[in-house]
Amino acid sequence: MLSERRLQVLRAIVQDYVGTEEPVGSKALTERHNLGVSPATVRNDMAALEDEGFIAQPHTSAGRIPTDKGYRLFVDKLAGVKPMTPPERRAIQNFLDGAVDLDDVVARTVRLLAQLTRQVAVVQYPSLTRSTVRHVELLSLAPARLMLVLITDTGRVEQRMVDCPAPFGESSLADLRARLNSRVAGRRFTDVPGLVEDLPEAFEAEDRGTVSTVLSTLLETLVEENEERLMIGGTANLTRFGHDFPLTIRPVLEALEEQVVLLKLLGEAGDSGMTVRIGHENAYEGLNSTSVVSVGYGSGGEAVAKLGVVGPTRMDYPGTMGAVRAVARYVGQILAES
């Protein structure tokens, strides 16, 4: 274990390097931070930190910079989450409160996160598998054609056309709508198949084919794979950090275009805790020079999706973690009220 003083020295190195973008020397550290020891002692501490892999010397510079291992210790032991100021919180709330629907909520969240952190923001749409049914609407478009509208607790709306095997009257349609909602409204998507399997038997023989067709369309909608949608914003922010990427920014940009990579980066949506992945902890090679800060968001106590930011490892971790957490909290409140 590192001594308390060496932890202080590491904290100072991370803070100075993030703030100045310059490798940090022992003289500058003792001038800028009240470490209570001589530059020679700080030099010894820095040598020990370097031997243990927490800091490194880039090329011929006299200063040192944190390694992935150093940032990891900083995040785990030394960095608190920096809370947002009341004016910042009000600005977040006012900006998100103007959203008109789920797409707008996600778009505004991406824009807000990118502006607050000045990094790349990634927001996953609420996952259908973790959602509950708010309402199923059935509309008659023609004697043998219906529209099925599924509305979720997160405000997501899915529409499907249903071609019926035979004409379906308005009274039968109203009956099906009422029976269907009485069984599935407020229930988890995963529970729905078992709740409706015997529903056709409640109808006259000539209507059962149509009821079965409607139910199969509903169940297909519930399990469709397109649920894992993402929105990304602020990619241009990466150009401000050109020198933070060893060779070129291109592998990072290519990785950000891979939806599968981004979903893996954000982690499992059901895990609502804050996750910070630093440098080589990211399995995808193109992102080895970046850090990812993500957290779950949702209505009530359960996360329905993740949001986060991607930026260079030379990141203001306390500020980024505070912004990500605050935005997730407000998005959750909006979904709960929608």
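Per an unreviewed UniProt entry, the protein chain carries the name Heat-inducible transcription repressor HrcA and comes from Streptomyces caelestis. As recorded by UniProt, the Sequence similarities (unreviewed entry) comment attached to the protein chain reads in full: "Belongs to the HrcA family." Of the protein chain, the UniProt comment under Function (unreviewed entry) reads exactly: "Negative regulator of class I heat shock genes (grpE-dnaK-dnaJ and groELS operons). Prevents heat-shock induction of these operons."

A tally of helices and strands in the protein chain yields twelve helices and ten strands. Taking 338 residues into account, the globule formula puts the C-alpha radius of gyration at 20 Å, and the protein chain, at 26 Å, lies well above it. For the protein chain, the spread of C-alpha atoms along the three principal axes comes to 90 × 40 × 35 Å. Among the 338 residues that make up the protein chain, the fraction classed as buried is 49%. In the protein chain, the share of contacts with a sequence separation of at least 24, taken over all contacts with a separation of at least 6, comes to 61%.

Now for unusual backbone geometry. The backbone of E21 shows a phi angle near 65°, a positive value even though the residue is not glycine. Summarising the element assignment, E21 is placed in the loop between α1 (4-20) and α2 (26-32). For E21, a relative accessible area of 37% gives the class partly exposed. A positive phi angle, near 55°, is found at R118, a position not held by glycine. Its location among the elements puts R118 in the loop between α6 (102-117) and β3 (120-124).

Right, let's get into the packing of aromatic side chains. Ring pairs (aromatic) are described by centroid distance and by the angle formed between their planes. Here the structure, examined in full by the defined rule, presents one aromatic pair. Both rings, one in Y71 and one in Y317, keep their centres 5.6 Å apart while their planes meet at 50°; by these two values the pair is tilted. With Y71 in helix α4 (residues 68-78) and Y317 in helix α12 (residues 317-337), the pair connects residues that are 246 residues apart, well separated along the chain. Both residues of the pair, Y71 and Y317, count as buried. In this structure, K69 packs its charged tip against the face of F54, placed 4.6 Å from the ring centre.

Reading guide: rules and limits
- Residues numbered from 1 in each chain as written.
- Predicted model: local features only at pLDDT ≥ 70, side-chain atom pairs only at ≥ 80, totals over all residues.
- Heavy atoms only, no water.
- UniProt positions renumbered as here; feature names shortened; annotations may be inferred.
- Helix = DSSP H or I, 4+ residues; strand = E, 2+ residues; numbered from the N terminus.
- Rg over C-alpha atoms; globule rule 2.2 N^0.38 Å.
- Buried < 20%, exposed > 50% of the residue type's maximum accessible area, 1.4 Å probe, protein only.
- Contact = heavy atoms within 4.5 Å.
- Phe/Tyr/Trp six-rings, centres within 6.5 Å; stacked < 30°, edge-to-face > 60°.
- Lys NZ or Arg CZ within 6 Å of the ring centre and 35° of its normal.

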